[in-house]
Number of protein chains: 2
Amino acid sequence: MAAAAEVSNRSVILKRHVTGFPTEDDMELVTATVRLAVPPGSAAVMVKNLYLSCDPYMRSRMTNHKEPSYVPDYVPGEVIPTFSVSKVVESGHPDYKAGDLVWGMTACEEYTLITSPESIFKINHPKLPLSCYLGVLASGAVGQLVGQLAKITGCYVVGSAGSDEKVNLLKTKFGFDDAFNYKKEQDLNAALKRCFPEGIDIYFDNVGGAMLDAALLNMRLHGRVAMCGLISQYNLELHEGVRNLACVVTKRVRIEGFIVMEYFGTYRKFEEEMVSHLKEGNITYVEDVAEGIENMPAALVGLFYGRNIGKQLVAVA
Amino acid sequence: MAAAAEVSNRSVILKRHVTGFPTEDDMELVTATVRLAVPPGSAAVMVKNLYLSCDPYMRSRMTNHKEPSYVPDYVPGEVIPTFSVSKVVESGHPDYKAGDLVWGMTACEEYTLITSPESIFKINHPKLPLSCYLGVLASGAVGQLVGQLAKITGCYVVGSAGSDEKVNLLKTKFGFDDAFNYKKEQDLNAALKRCFPEGIDIYFDNVGGAMLDAALLNMRLHGRVAMCGLISQYNLELHEGVRNLACVVTKRVRIEGFIVMEYFGTYRKFEEEMVSHLKEGNITYVEDVAEGIENMPAALVGLFYGRNIGKQLVAVA
């Protein structure tokens, strides 16, 4: 067996735990070397990362939680884990061989040795843009997809976004029935009343805070709130208080939280459905691709200022 | 047909809409006369009220809501509607005859002419104390019953109450596994951690506010919150903010509100089950009976200071 090549491996590490908004200086690009091989006899897989995913939930992992959080905190000095689209360069696992395209949990680096191959999935539709496997076919951007899937099921869909450009995208490219710029609305309650004069049946919550509070005021009887995330709160040391929970009783509202990890078991079904939608043109998507791993810190920080338009990715190679 | 008797009818009216804590002075005892008869040809029922119910939700109806609430606001100058146990004195409705015992929505007065007999129910077990039909067999006190029903289904049950006397009742008379006095706890989060070191599966919320916030911190994965009421908030002009809703996502919690009115269709089934529990001694209950309609305002106000021990009733006659 020929000696494995040793190559340069740039990675982004977390320098320190974060309070408040993260900055680029909380992360650092470092360069090491890696042998493109898996330990003899192991079922590990060595991959070259092609795209890295930047997702709002990553902010939570930058915090030093006093009690264990729902996902482990990132460790200062270590490479930041994230989802990626990757190519197998060496495999000790019978399901994977060199050249296979995969997506799953790796890290912000050029090459990752995956020792838990249950955290990666084969890419079954390599003719689609590979970046789909970090966006429309996997982890988001959630809002644009939820709205389009809701339209497909016959809902009247209104979106909220943070710039006129994004509002315009929702109404034109994504076919939402209406949308508003929450940064320009004096009164979110009034905005929702204008868009939903008869109230809201389903509120898909990605933001929490003031928007959730206004939504609760405008829910219909037996309305449902799917809680996916609270990006408006992630950088606050003390989360804002939600004052309108009495509406949960008076309107018999159901609020339920969920996390994608619990639904990996149905991923293949979702993948096939979504691929059909993409091929038939029922679903479209927008992504925002930063070029080069050195731009990963800025791309991640930008999420919390709404700088991205569509799913934020980093093209590594 | 003999001329119907005309009798004195004392009632409690709401003098004005309320902000903040209600006071006895917000209500007034007035005396009128009433003919003990139903309009000829009508399906109305004239009843004599024996017990009146004092319930926390009545506070909401004392407010002058800008937008329609889930139940109509009380009207200043009019008799305050409430649940009662009553005896039929005259009936134009084929299902009721003089002497029948009923419970349902009437008002704070000695005699009520019921023009919507669908809001009353026959009392099927008149050998039980009649007051049961405002308490354990109908509208509460909710907490003591929920805890006992949870025990019957095998739950580990911890109660929160506002005095050592009530805490003692929960642990002895009602058989809760544990209980604490929330007014004596410096830190509700710590109190819940002490009582539930492995977390809470089901939180039955009657209070909202700080207790709900602490409960959210202590929910287990996939825990459930049944929201029944928020008595800690009813007298506040601005409700307190609940800051721990991120736990709904991270722990995949479900929160759902409900109102008893929606379950009247299954009342007969509940009644038979609860009567069995009472007869077999599986369920016990405590009620707090004020004597005389003139004491109804004080009894109602007392609810919001936790003066009652058990279900608050007023014995009219």
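Basis of the calculations
- Numbers given for residues are sequential positions, taken from 1 along each chain in its written order.
- By the order in which they are written, chains take letters starting at A while ligands take numbers starting at 1.
- In view of the model being predicted, local features appear only for residues whose pLDDT reaches at least 70, and side-chain atom pairs are presented and counted only at 80 or more, with totals across whole chains, interfaces and linings using the full set of residues.
- Remark: hydrogens and water are excluded; side-chain values derive from all non-hydrogen atoms of the structure.
- The way it works is that DSSP assigns letters per residue, a run of H or I at least four long becomes a helix, a run of E at least two long becomes a strand, and they are numbered from the N terminus.
- In this scheme, a residue with accessible area under 20% of its type's maximum is buried, one over 50% is exposed, and one in between is partly exposed, where area comes from a 1.4 Å probe on protein chains only.
- Any two residues having at least one pair of non-hydrogen atoms within 4.5 Å are treated as being in contact.
- Values of accessible area rely on a 1.4 Å probe in the Shrake-Rupley scheme; residue burial ignores everything except the protein chains shown.
- UniProt positions are given in the numbering used here, feature names are shortened, and annotations may be inferred rather than shown by experiment.
- Computed with a 1.4 Å rolling probe, the buried area is the accessible surface lost when two parts are put together, summed over both parts.
- What counts as a salt bridge is simple: a side-chain nitrogen of Lys or Arg found within 4 Å of a carboxyl oxygen of Asp or Glu.
- Think of a polar contact as two N or O atoms within 3.5 Å of one another; within protein, one of them needs to be a possible hydrogen donor and the other a possible acceptor, and neighboring residues in sequence only count if both atoms come from side chains.
- Asp, Glu, Lys and Arg are counted as charged, while Ala, Val, Leu, Ile, Met, Phe, Trp, Tyr, Cys and Pro are counted as nonpolar; the rest, among them Gly, fall into the polar class.
- We treat two strands as partners when DSSP finds at least two bridges between them.
- Only the contacting stretch of a helix is used when fitting its axis, a line to C-alpha atoms as for every element, and angles between N-to-C directions run 0 to 180 degrees.
- Note on ring pairs: Phe, Tyr and Trp rings are taken, using the six-membered ring of Trp, and paired if centres are within 6.5 Å. Classes follow the plane angle, with under 30 degrees stacked, over 60 edge-to-face and the rest tilted.
- Throughout this description, any angle smaller than 35 degrees is read as roughly parallel, any larger than 145 degrees as roughly antiparallel, any in the 65 to 115 degree range as roughly perpendicular, and the remainder as oblique.
- Each crossing gets its handedness from the near helix: less than a right angle anticlockwise from the far helix is left-handed, clockwise is right-handed.
- Superposing copies: least-squares fit, C-alpha atoms only, residues required to have pLDDT of at least 70 in both.
- Each helix should span, by expectation, one fewer than its residue count multiplied by 1.5 Å.

As annotated in an unreviewed UniProt entry, chain A carries the name Enoyl reductase (ER) domain-containing protein and is attributed to Aegilops tauschii subsp. strangulata.

Engineer: Lay out the overall build of chain A in plain terms, naming residues and giving numbers.
Structural biologist: When helices and strands are tallied, chain A shows 8 helices and 14 strands. In terms of its C-alpha atoms, chain A occupies a principal-axis envelope of roughly 70 × 45 × 35 Å. The buried share of chain A, taken over its 317 residues, is 50%. Contacts in chain A between residues at least 24 apart in sequence constitute 64% of all its contacts with a sequence separation of at least 6. Carbon and sulfur atoms form 53% of the exposed surface of chain A, whose accessible area is close to 14700 Å².

Engineer: Can you explain the UniProt feature "domain: Oxidoreductase N-terminal" (unreviewed entry) in chain A? Please cite residues and give values.
Structural biologist: In this numbering, the UniProt entry assigns the feature "domain: Oxidoreductase N-terminal" (unreviewed entry) to residues 10-121 of chain A. The span residues 10-121 of chain A carries 4% helix and 42% strand; its end-to-end C-alpha distance comes to 24 Å.

Engineer: Provide a residue-level description of the interface of chain A and chain B, including the pertinent values.
Structural biologist: How big an interface is tends to be stated in terms of the accessible area lost upon association of its parts. Of the residues lining the interface, 30 residues belong to chain A; the matching set on chain B comes to 30 residues. Carbon and sulfur atoms supply 61% of the area that chain A and chain B bury against each other, a total of about 2700 Å² over both sides. Considering only the side of chain A, the residues that lose the most area to chain B are Arg243, Val249 and Arg252 of chain A, jointly responsible for 23% of the buried surface there. Where chain A touches chain B, the interface holds 6 salt bridges. Counting across the chain A and chain B interface gives 12 residue pairs in polar contact (both at pLDDT 80 or more). Counting residues per element, the ones that place at least two in the side of chain A that touches chain B are strand E11 (219-227), helix H6 (246-250) and strand E12 (254-257) of chain A. Of the residues assigned to the side of chain A that touches chain B, the class counts are 16 nonpolar, 6 polar and 8 charged. When E12 of chain A meets strand E12 (residues 254-257) of chain B, the two strands line up antiparallel, connected through 3 bridges. Note that in E12 of chain B the partner of Ile255 of chain A across the bridge is Ile255 of chain B.

Engineer: Lay out the environment of Ala98 of chain A with the relevant residues and their values.
Structural biologist: With respect to the secondary-structure elements, Ala98 of chain A resides in the loop between strand E4 (81-91) and strand E5 (101-107). Sequence-distant contacts of Ala98 of chain A, defined by excluding residues within four places in its chain, comprise Val88 and Val89 of chain A.

Engineer: Residues and numbers for the pattern of salt bridges, please.
Structural biologist: Where charged atoms from two side chains of opposite charge come close, those side chains can pair. Residues and elements named next belong to chain A. Counted under the stated rule, the structure contains 32 salt bridges over all chains. Residue Lys15 pairs with Asp25 through a salt bridge whose shortest N-O separation is 2.9 Å. With Lys15 in the loop between strand E1 (6-14) and strand E2 (27-35) and Asp25 in the loop between E1 and E2, this residue pair connects regions lying 10 residues apart in the sequence. Among the ionic pairs, Glu271 bridges to Arg268, the shortest N-O distance being 2.9 Å.

Engineer: Provide a residue-level description of the sheet that holds E12 of chain B, including the pertinent values.
Structural biologist: Hydrogen bonding along the main chain pairs the strands of a sheet, whether they run parallel or antiparallel. Pairing in this open sheet of 6 strands is mixed, and the strands run E10(A)-E11(A)-E12(A)-E12(B)-E11(B)-E10(B) from one edge to the other. Bordering the open sheet on either side are strand E10 (200-205) of chain A together with strand E10 (200-205) of chain B, each of which pairs with just one other strand. Strand-to-strand twist in this sheet, taken as the mean axis angle between neighbours without regard to direction, amounts to 10°. In this structure, E11 of chain A lies alongside E12 of chain A, joined through 4 bridges in parallel fashion. The partner of Ala226 of chain A across the bridge, within E12 of chain A, is Glu256 of chain A.

Engineer: An account of the packing of aromatic side chains is requested, with residue identities and associated values reported.
Structural biologist: Residues and elements named next belong to chain A. One pass over the full model with this rule turns up 21 aromatic pairs over all chains. Each ring, one from Phe121 and one from Tyr267, has its centre 5.4 Å from the other, and the planes form 50°; the classification is tilted. Taken as a pair, Phe121 in strand E7 (residues 120-122) and Tyr267 in helix H7 (residues 267-280) lie far apart in primary sequence, 146 residues in all. One aromatic cluster is present, formed by Phe83, Trp103, Phe121, Phe264, Tyr267 and Phe270 through successive ring pairs.

Engineer: Tell me about the packing of helix H4 (residues 188-195) of chain B against helix H5 (residues 209-217) of chain B, and name the residues and values.
Structural biologist: Relative placement of two packed helices is described by the angle separating their axes and the distance separating the axes. Residue and element names in this part refer to chain B. Interaxial distance between H4 and H5 falls to 9 Å at its minimum, and their mutual angle equals 50°. Considering the angle they form, H4 stands oblique to H5. Considering the relative orientation of H4 and H5, their crossing is right-handed. Where H4 abuts H5, its residues Leu188, Asn189, Leu192 and Lys193 lie against Ala210, Met211, Ala214, Ala215 and Leu217. Residue composition of the contact of H4 with H5, by class: 7 nonpolar, 1 polar and 1 charged.

Engineer: Describe the relation of the copies chain A and chain B, listing the residues and the values that go with them.
Structural biologist: With an RMSD of 0.0 Å, the fit of chain A onto chain B corresponds to turning through 180° and sliding 0.0 Å along the axis. The superposition of one copy onto the other is thereby described by a two-fold rotation axis. In terms of C-alpha distance to the rotation axis, chain A has Gly241 of chain A as its closest residue, with the C-alpha 1.8 Å off the axis. A share of 100% of interface residues in chain A that are also interface residues in chain B marks the association as one of identical surfaces.

Engineer: Please give an account of helix H7 (residues 267-280) of chain B that cites residues and values.
Structural biologist: Compared with an ideal rise of 1.5 Å per residue, which puts 14 residues at 20 Å, H7 of chain B spans 20 Å between its outermost C-alpha atoms and is within 8% of the ideal. Where H7 of chain B ends, the next residue or the one after it, Gly281 of chain B, has phi of about 75°, a positive value.

Engineer: Requested: an account of the side chain of Gln312 of chain B, with residues and values cited.
Structural biologist: With respect to the helices, strands and loops of the structure, Gln312 of chain B is situated in strand E14 (residues 311-315). Setting aside anything within four residues of it in sequence, one finds Gln312 of chain B in contact with Leu52, Ser53, Cys54, Asp288, Val289, Ala290, Ala299 and Leu303 of chain B.

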